[in-house]
Amino acid sequence: MDILNSLWAGFAVAALPINLALIVGGCFAGTLIGALPGLGPVNGVAILIPLTFAFGLDATSSMILLSAVYYGCMYGGRISAILLNIPGDEPAIMTTLDGFPMARKGQAADALAISGVASFIGATLATIGLTLFAPLLAKAAIYFGPADYFALYVMAFATIGGITGSDPRKTLLAALLGLMLGTVGLDPSTGVARYTFGSFNLYDGFDPIVALVGLFAISEILFFLEARAHGGGLVPKGSVFPRFSRIREGLGASFRGSIIGFIAGILPGAGASLGAVMSYSFEKRISDKGTFGKGDPRGVAAPEAGNNAASGGALIPMLTLGVPGSGTTAVMLAMLISLNIQPGPLLFQRSPDLVWGLVAALYLANFVLLVLNLPLIGLFTRVLGLPAWGLMPLVVAISYLGVYAITHAAFDLMVMVGFGILGFVLRKLDFSLVPVVLGLLLGMDMENNLRRALSISGGDFLILLQSPIALAIYALTAAFLALSLWLSRRRMMPIPETED
Amino acid sequence: MIWKLNGLKVAGIGAAMLFALPALGAECIAPADPGGGWDFTCREVGRLLSEEKLVDGNVQVTNMPGGVGAVAWANVASKRADDPELIVATSTVGVTQIAQGKYPSDIGTMRWLAMLGADVGIIAVAKDSPYESLDQLLEALKADPASVVTSGSTGAGGWDHIRLMMLAQAAGIEDLTGIRWVQFDGGGPAVTQMMGGQVQVVSADLGEIKGFVESGDIRVLAVLSDQPVSAFPDLPTAKSQGYDVTGYNWRGFYTGGDVSDEDYQAWVDKLQKLYESDGWQETARSSGLEPIWRGGQEFADYVAQQEKEMADISRRIGVIQ
């Protein structure tokens, strides 16, 4: 009952006119920031911090605004992923796999509606989880050590082989390429330069978001130029109204994806991208009938529910321990400190208005986002009706601006173009680009946790197998792989009869 | 058609607003991910500079993590050496790295502006740890250096690590390299890993993990300051327990090496005004920093001196030859 009373008091805070206005404004800005390639929640939140100071907002209102932007970005990332095959931010990568094929079939409106509802389900379930179990879950999450995180990343990479439609060997090769590219730069634990060839510019390594924009946006434009030369066209516009019967198809996947994403979100050091990857690969294993990767609604619903649930989950370590579960929550924590609120285990007791006001605002933000996003589907799909000579240069301009706004370095524009050419070549060779980005994105964390585990054990690799949590994850991975082998063998049987 | 135009306009205005904002006025680079000490320095000082009307508009904070500040250093040295609008947050941690040759160039590459305060190092264990005092911990390390896993937010040879090594050396432990050290992405993650039983000791700045000290989730065995800190007067200093070791982590700024004398002096003056403001004195204290001012040439000399001392310590503990 305590929780319900606190939540009720929280709604009283969130329903203040100023806070309601911030929720609506934040949701809209977030959706837009999320949809623009390159700009994601971290930048969105960081850009808005000076605004909160300029308006003289108090801590609760500031957090409400930033959280609304954060949730909004998670909704927005899917839009360009579905319509243009260009993920708006990292966690939306998985949404391109089935979202864009749906748009190609003229079902862009359906895909947007399915992913909008999935986002709503994921974020709402995560917020409910946050409301009911936050302190409990945070206590469980601290028992995750470096060896366990390493096991989690092993699981993610073990399942990557099956996530794309193309040859699993090519998928693994692409992931390896991403892992290799991820080693470029200064080694965080020792400061030693790796594969930088004496260039300071490479000390940063490759920023995953620059690689992502290059691989997806720039290569898309190269493809468009080539297709135009051969007389090809854009994707068909299709209906601008979603069919509600199709939304139902994604519901089961949304619930499953939410749970997986939520767990990934709670663990500081995992996060939304991992949540989306795991949700998609799990969904594909259990329900693929050869339709995934070709525009299956469940392949859109699962990762979107997953990454939204993970964002909600990431707020748990932030609020209960003062430890960021993602880059965005780290920025939000820094802002709390600026406002003289000390994050940490005592936040719930000392600032109940802030915590519960924020939680209540998240519920409201979810409804606002759903209400905002469903009618906008018509507007978004009209983007596909834009003449290509207008749309494509706009995409190029936004890509350049987005990357430069994040890195402030012209060198990174060259890196982006380099990745664009790499993406073009890889796609010509029928490689999926998703595993390249995942290798780059997740590889670094995987390596860091491996090295932490080995520092603890003094170099003894047995530590990786001594934690019961890690063993459970490895067992789960093995079961997962066995299940998918069994399923694919069963699936193989009838195919020769039906095909031809 | 009207819809299309409106959509385009909305997108255009939105994009223009987003990209116009970062272009305004002064910029502070935090050479770390958001949430850490350098990020805090940039955001606090940036906020106060703007509140005290010392700069026009807001100060944009850019996070440029990597290589314990080496990435930002290299970036400023190669691309923004003459940018008069730019300041970069740094601290004792950065000077440690320079002293050990882990930055692409030496301290003369940059112009050192000022320090505004210092954070105090602490040695902490979990609340249910068997170690009740610094003596007990150091005795255990002496008996078997590999028996206790220690951690902090810097890599091996970084300031968190060196402070602990200085204590170990003061306790007469010979096998310094036998002590296990784990790097985490900040004091907070290190403490939660300690609460989860992965590591037994955290060496960090007090400001980073203040929340856990207040909540009683960790036991502070020693603060590495001359006097007890004002915010937590009950925490024992290492000196009071017979170990003559202090480990301050000052917070300050540098700017590019090609910035003109006028622009350099203008920044020093602005930062001094900021230091003297009530806002800073209050902010510093409430976040566990002791306000200390050194600016201009005095600060540059201090950094040079500290770099030399740091190189000596690193040599003694075998981090560099």
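Residues numbered from 1 in each chain as written. Chains lettered and ligands numbered in written order. Predicted model: local features only at pLDDT ≥ 70, side-chain atom pairs only at ≥ 80, totals over all residues.

Caption draft 1: Broad picture of the overall build of chain B. The helix and strand tally for chain B stands at eleven helices and ten strands. In terms of overall dimensions, chain B has a C-alpha envelope of 75 × 50 × 40 Å along the principal axes. Of the contacts made within chain B by residues no fewer than 6 positions apart, 77% connect residues no fewer than 24 positions apart. (Helix = DSSP H or I, 4+ residues; strand = E, 2+ residues; numbered from the N terminus. Contact = placed C-beta atoms within 7 Å.)

Caption draft 2: Structural detail: the overall build of chain A. Along chain A, the regular secondary structure elements total 22 helices and two strands. Computed over C-alpha atoms, the radius of gyration of chain A comes to 22 Å, within 12% of the 23 Å expected from 2.2 N^0.38 for 500 residues, which places it in the range of a compact globule. The proportion of buried residues among the 500 residues of chain A is 60%. The contacts of chain A with a sequence gap of at least 6 include a subset with a gap of at least 24, amounting to 80%. (Rg over C-alpha atoms; globule rule 2.2 N^0.38 Å. Buried ≥ 20, exposed ≤ 12 C-beta atoms within 10 Å, placed from the backbone.)

Caption draft 3: The environment of Gly390 of chain A, seen in detail. All names here are of chain A. Looking at the secondary structure, you find Gly390 in helix H17 (residues 388-407). For Gly390, a count of 10 C-beta atoms within 10 Å corresponds to the exposed category. Taking the C-alpha atoms as reference, Gly390 lies 52 Å from Ala453; in sequence the two are 63 residues apart.

Caption draft 4: Representation of the pairing of strand E9 (residues 248-255) of chain B in the model. Residues and elements named next belong to chain B. E9 sits mainly inside the fold: eight of its eight residues count as buried. The alternating pattern of E9 places Tyr248, Trp250, Gly252 and Tyr254 on one face and Asn249, Arg251, Phe253 and Thr255 on the opposite face, and all of these are buried. Two strands pair when backbone bridges link them, and strand E3 (residues 86-91) and E9 are joined in this way by four bridges, in the antiparallel orientation. Opposite Ser91, over in E9, you have Arg251 as the bridge partner. (Pairing = 2+ DSSP bridges.)

Caption draft 5: Examining the confidence of the model for chain B more closely. Residue and element names in this part refer to chain B. For chain B, the average pLDDT comes to 85, and 91% of its residues sit at 70 or higher. Looking across chain B, the model is least confident in helix H1 (residues 2-20), with a mean pLDDT of 42, and most confident in strand E8 (residues 218-223), with 96. Segment residues 1-23 is flagged for pLDDT under 50; beyond a separation of four residues in sequence, or across chains, it makes 19 contacts in the model. (pLDDT = per-residue confidence, 0-100.)

Caption draft 6: Region of the structure containing the interface of chain B and chain A. Counting from both sides, the interface comprises 55 residues of chain B and, opposite them, 52 residues of chain A. Elements with a minimum of two residues in the side of chain B that touches chain A: H1, helix H2 (37-51), helix H3 (70-79), strand E6 (180-183), helix H7 (187-195) and helix H8 (210-215) of chain B. Per-element tally for the side of chain B that touches chain A: the top contributor is H1 of chain B, with seven residues. The residue makeup of the side of chain B that touches chain A, split by class, is 22 nonpolar, 21 polar and twelve charged. (Nonpolar A, V, L, I, M, F, W, Y, C, P; charged D, E, K, R; others polar.)

Caption draft 7: Expanded view of helix H4 (residues 59-84) of chain A. The terminal C-alpha atoms of H4 of chain A, which comprises 26 residues, lie 38 Å apart, in line with the 38 Å expected from a rise of 1.5 Å per residue. Where H4 of chain A bends most, the angle comes to about 25°, and this point is Met74 of chain A. (Expected span 1.5 Å × (residues − 1). Bend = angle between axes of the 7 residues up to and from the residue.)

Caption draft 8: Here's a closer look at the pairing of strand E1 (residues 27-30) of chain B. All names here are of chain B. Burial along E1 is two-sided: Glu27 and Ile29 facing one way and Cys28 and Ala30 facing the other are all buried. Bridge analysis of E1 against E3 gives three bridges, and the strand direction is parallel. Counted as the bridge partner of Ile29 is Val88 from E3.

Caption draft 9: Molecular detail of the packing of helix H11 (residues 251-266) of chain A against helix H13 (residues 297-321) of chain A. Residue and element names in this part refer to chain A. Running from amino to carboxyl end, H11 crosses H13 at an angle of 35°, the nearest separation of the two axes being 6 Å. Between H11 and H13 the crossing geometry is right-handed. Considered class by class, the residues forming the contact of H11 with H13 number 14 nonpolar, eleven polar and two charged. (Axes fitted to C-alpha atoms, helices over the stretch in contact; angles between N-to-C directions. Left-handed = near helix turned anticlockwise from the far one by under 90°.)

Caption draft 10: Broad picture of helix H6 (residues 108-141) of chain A. Residue and element names in this part refer to chain A. Spanning 34 residues, H6 covers only 38 Å between terminal C-alpha atoms, well under the ideal 50 Å at 1.5 Å per step. The largest bend along H6 reaches roughly 85° and is located at Phe133, with the proline Pro135 sitting one to four residues downstream. Most of H6 sits inside the fold, with 26 of its 34 residues counted as buried.

Caption draft 11: Summary view of the environment of Phe40 of chain B. Along the chain, Phe40 of chain B turns up in helix H2. Exposure remark for Phe40 of chain B: the 25 C-beta atoms within 10 Å place this residue in the buried category. Along the sequence, Phe40 of chain B and Leu224 of chain B sit 184 residues apart, while their C-alpha atoms lie 21 Å from each other. Apart from residues lying up to four places away in sequence, Phe40 of chain B is in contact with Ala334 and Ile337 of chain A.

Caption draft 12: A look at unusual backbone geometry. We note that Tyr195 of chain A has phi near 50°; this positive angle belongs to a residue other than glycine. As for its position among the elements, Tyr195 of chain A is in the loop between strand E2 (193-194) and helix H9 (208-229). At Lys53 of chain B, a position not held by glycine, the phi torsion is positive, near 60°. In this fold, Lys53 of chain B is placed in the loop between H2 and strand E2 (60-63). Among the residues examined, Lys53 of chain B registers 8 C-beta atoms within 10 Å and is labelled exposed.

Caption draft 13: Representation of the packing of helix H3 (residues 41-54) of chain A against H4 of chain A. Residues and elements named next belong to chain A. One can describe the packing of H3 onto H4 by two numbers: an axis separation of 9 Å at closest approach and a directional angle of 155°. In terms of orientation, H3 and H4 fall into the roughly antiparallel class. Along this stretch, H3 crosses H4, giving a crossing that reads as right-handed. Note on element contacts: H4 touches H3 through Ser62, Leu65, Leu66, Val69, Tyr70, Cys73 and Met74, opposite Pro41, Gly44, Val45, Leu48 and Thr52. When its residues are assigned to classes, the contact of H3 with H4 shows nine nonpolar, three polar and no charged. (Parallel < 35°, antiparallel > 145°, perpendicular 65-115°, else oblique.)

Caption draft 14: Structural view of the confidence of the model for chain A. Averaged over all residues, the pLDDT of chain A is 84; the fraction at 70 or higher stands at 92%. Note on residues 495-500 of chain A: pLDDT under 50 across the span, and zero contacts to partners over four residues away in sequence or across chains.

Caption draft 15: View of the environment of Gly257 of chain A. Residues and elements named next belong to chain A. Secondary-structure assignment places Gly257 in helix H11. In this structure, the C-alpha to C-alpha distance between Gly257 and Gly306, residues 49 residues apart in sequence, is 4.6 Å. Setting aside residues up to four positions removed in sequence, Gly257 forms contacts with Ala118, Gly122, Ser279, Glu283, Ala301, Ala302, Pro303, Ala305 and Gly306.

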